[in-house]
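A look at the structure
Now for the letters of each chain:
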Amino acid sequence: TAILAIIFNPFFWNIAARFEHKTRFLTRLCQSPYNGCYFLGTLIILLNICRSHCFTTAMKTQPKLDILDCITIYYMGLIILVAGTVFVVCSFYALGFVGTFLGDYFGILMDTKVTGFPFNVMDNPMYWGSTANHFGWALLNASPVGLILTAVVALTYKVAIMFEGPFTEEIYQEKEKLEKNK
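Residues numbered from 1 in each chain as written. Predicted model: local features only at pLDDT ≥ 70, side-chain atom pairs only at ≥ 80, totals over all residues. Heavy atoms only, no water.

**Concerning the overall build of the protein chain**
- Assigned secondary structure in the protein chain consists of six helices and zero strands.
- Counting from the amino terminus, the protein chain carries its helices and strands in the arrangement α-α-α-α-α-α.
- Dimensions of the protein chain along its principal axes, counting C-alpha atoms only, are 65 × 35 × 25 Å.
- The buried share of the protein chain, taken over its 182 residues, is 40%.
- Contacts spanning at least 24 positions in sequence make up 83% of the contacts within the protein chain whose residues lie at least 6 apart.
- By element, 68% of the accessible surface of the protein chain is carried by carbon and sulfur atoms, the whole surface being about 10,600 Å².
- Here the protein chain contributes 13 positive and 12 negative side-chain charges, whose respective centroids are spaced 4 Å apart. (Helix = DSSP H or I, 4+ residues; strand = E, 2+ residues; numbered from the N terminus. Buried < 20%, exposed > 50% of the residue type's maximum accessible area, 1.4 Å probe, protein only. Contact = heavy atoms within 4.5 Å. Areas by Shrake-Rupley, 256 points an atom, 1.4 Å probe, with all protein chains shown as cover. Lys, Arg positive; Asp, Glu negative; His and termini not counted. Charge placed at Lys NZ, Arg CZ, Asp CG, Glu CD.)

**Some words on the packing of helix 1 (residues 2-23) against helix 6 (residues 144-180)**
- Interhelical geometry of helix 1 versus helix 6 gives an angle of 10° and a closest axis separation of 9 Å. The orientation of helix 1 relative to helix 6 falls into the category roughly parallel. Here Ala2, Ile3, Ile6, Ile7, Pro10, Trp13, Asn14, Arg18 and His21 of helix 1 lie close against helix 6, whose contacting residues are Leu149, Val152, Val153, Thr156, Tyr157, Ala160, Phe163, Glu164, Phe167, Ile171 and Glu174.
- The class makeup of the residues in the contact of helix 1 with helix 6 is 14 nonpolar, three polar and three charged. (Axes fitted to C-alpha atoms, helices over the stretch in contact; angles between N-to-C directions. Parallel < 35°, antiparallel > 145°, perpendicular 65-115°, else oblique. Nonpolar A, V, L, I, M, F, W, Y, C, P; charged D, E, K, R; others polar.)

**Quick notes on the packing of aromatic side chains**
- One pass over the full model with this rule turns up 11 aromatic pairs.
- Arranged with centres 6.3 Å apart and planes meeting at 10°, the rings of Trp13 and Tyr127 form a pair that is stacked. A residue pair is termed long-range when its members are at least 10 positions apart, and Trp13 in helix 1 and Tyr127 in helix 5 (residues 125-140) qualify at 114 residues. Per residue, the accessibility class of Trp13 equals that of Tyr127, and both read buried.
- Plain terms: the ring middles of Phe19 and Phe25 are 5.9 Å apart, the flat faces sit at 55° to each other, and that makes the pair tilted.
- Residue classification places Phe19 among the partly exposed positions, given a relative accessible area of 47%.
- Among the aromatic residues, those joined into a ring-pair cluster are Tyr38, Phe92, Phe97 and Phe101.
- Above the ring of Phe167, the side-chain terminus of Arg18 is found at 4.1 Å from the ring centroid. (Phe/Tyr/Trp six-rings, centres within 6.5 Å; stacked < 30°, edge-to-face > 60°. Lys NZ or Arg CZ within 6 Å of the ring centre and 35° of its normal.)

**Concerning unusual backbone geometry**
- Residues Phe117 and Pro118 are joined by a peptide bond in cis, for which omega reads 5°.
- With respect to the element layout, Pro118 can be found in the loop between helix 4 (71-100) and helix 5.
- At Gln31, a residue that is not glycine, the phi angle is positive and equals roughly 75°.
- Its place among the elements puts Gln31 in the loop between helix 2 (25-30) and helix 3 (33-60).
- Even without being a glycine, Asn124 presents a positive backbone phi close to 55°.
- Considering the arrangement of structural elements, one finds Asn124 in the loop between helix 4 and helix 5.
- For Asn124, a relative accessible area of 31% gives the class partly exposed.

**What about the nonpolar core?**
- Counting residues in each nonpolar core, the largest one holds 30 residues, and the members touching the most others are Leu40 and Leu102.
- Mapped onto this core, the elements with two or more residues apiece are helix 1, helix 3, helix 5 and helix 6.
- No other element matches the eight residues that helix 6 contributes to this core.
- Once residues within four sequence positions are removed from consideration, Leu102 is found in contact with Trp13, Ala17, Cys37, Leu40 and Ile44. (Core = buried A, V, L, I, M, F, W, Y, C linked by side-chain atoms within 4.5 Å.)

Encoded structure:
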C-alpha cells in the first residue's frame, strides 16, 4: 500500500492539474480558480497524510536493521529530517498555498520566478525536502523498508519533475507571449 500511495499522489495531482489547465473543470465546479486550487490543494494534503500513514505503517510493521539502530544514525536521521522540513516549509512560505498547489495550472500565475531561499540552493526544494523527510524518518526508525520506500519517493518525484517542469515552463512562456502581444 505504501508504494501505491507514494506513486499515486504525484500521478494524481499531475493528471488533475493538467486536466484543469485544459478544461477549467475545477474552476467551474468550485466557481473560481482560487477555490479550485484550494480544493485540489486540500485533496493533495489529505492524500499526503494517507501516504505518510502508509509509509510509517510499512516501517513500523517490519523489522529494524541492527546496523541502523544506533544513536549516531538516529541523530543523522533527525538532522536530515529537520533539514528536509526547512526546505519544505521555506518552499511553502516562498510560493504560498496557491503557488505550492499548482495554481499556475489554474491560470493563477506568479509575477516572477521565485529565486530566494530555498530555490537559490536547489531546484524543486519541496520535492527534495520531502524526500529528505522520508529518508530521515527511515533512519530515525532504523528501517530498511523505509530506506527502500524513500528510494521509491525519490524516483517518483524525479519522474514527476520531468513532467511538471517543462509543462510549467510552457505555461509561463504562453503568459510571456500574451504579454508581448498586448
